[in-house]
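Report on the structure
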Amino acid sequence: MVSDTDGKELFRHSMPDEDDEANVSVLEAKYPGAMPYFFSQDPDYTTVKERVAKLCASGDEAKDIATIDIAINALEVGEYLTPLMTKMLS
């Protein structure tokens, strides 16, 4: 949940959402014992795999897929923010 400074709820999201629930049921039956988060994220995994495969096969840009440089930058932001947020929360 995201709230404003007065505590009023601005946004809420849960997984799987209503759109994913039907797909989750099908995948649970097809792959019993698999980790549940795979089921709700299956459409996203499919999109990522298709875009990366297209990059490998044709050299076309993998649209909206993070590069190694983007991943490194994200980790650097996390490393910078961790001690600041730890201090704020203590």
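Worth saying up front: this structure is predicted, and the values here are computed from it rather than measured.

**What to know about the overall build of the chain**
Within the chain, the regular secondary structure consists of four helices and two strands. Reading the secondary structure of the chain in the N-to-C direction produces β-β-α-α-α-α. For the chain, the C-alpha radius of gyration of 18 Å lies well beyond 12 Å, the compact-globule estimate for 90 residues. Taken over the C-alpha atoms alone, the chain extends approximately 45 × 35 × 25 Å along its principal axes. Split into buried and exposed, the 90 residues of the chain put 7% on the buried side. In the chain, the proportion of contacts linking residues at least 24 apart, taken out of those at least 6 apart, comes to 9%. A total accessible area of about 7,900 Å² is found for the chain, and carbon and sulfur atoms account for 59% of it.

**Here we look at the pattern of salt bridges**
If you walk through the whole model with that rule in mind, you get three salt bridges. Residues arginine 12 and glutamate 9 are paired through a salt bridge, measuring 2.9 Å at the closest nitrogen-oxygen approach. On the basis of relative accessible area, arginine 12 is assigned to the exposed category, the value being 55%. Residue classification places glutamate 9 among the partly exposed positions, given a relative accessible area of 38%. A salt bridge links aspartate 64 to arginine 51; its shortest N-O distance comes to 3.8 Å.

**A look at the packing of aromatic side chains**
By convention here, two paired aromatic rings are described through the distance between centres and the angle between planes. A complete count under the given rule lists two aromatic pairs for this structure. Measuring from ring centre to ring centre gives 4.6 Å for tyrosine 37 and phenylalanine 38, while their planes differ by 40°; the resulting arrangement is tilted. For phenylalanine 38, a relative accessible area of 37% translates into the label partly exposed. A centroid spacing of 5.9 Å and a plane angle of 55° characterise the contact between phenylalanine 38 and tyrosine 45, whose relative ring orientation is tilted.

Quick notes on the rules
Residues numbered from 1 in each chain as written. Predicted model: local features only at pLDDT ≥ 70, side-chain atom pairs only at ≥ 80, totals over all residues. Heavy atoms only, no water. Helix = DSSP H or I, 4+ residues; strand = E, 2+ residues; numbered from the N terminus. Rg over C-alpha atoms; globule rule 2.2 N^0.38 Å. Buried < 20%, exposed > 50% of the residue type's maximum accessible area, 1.4 Å probe, protein only. Contact = heavy atoms within 4.5 Å. Areas by Shrake-Rupley, 256 points an atom, 1.4 Å probe, with all protein chains shown as cover. Salt bridge = Lys/Arg side-chain N within 4 Å of Asp/Glu carboxyl O. Phe/Tyr/Trp six-rings, centres within 6.5 Å; stacked < 30°, edge-to-face > 60°.

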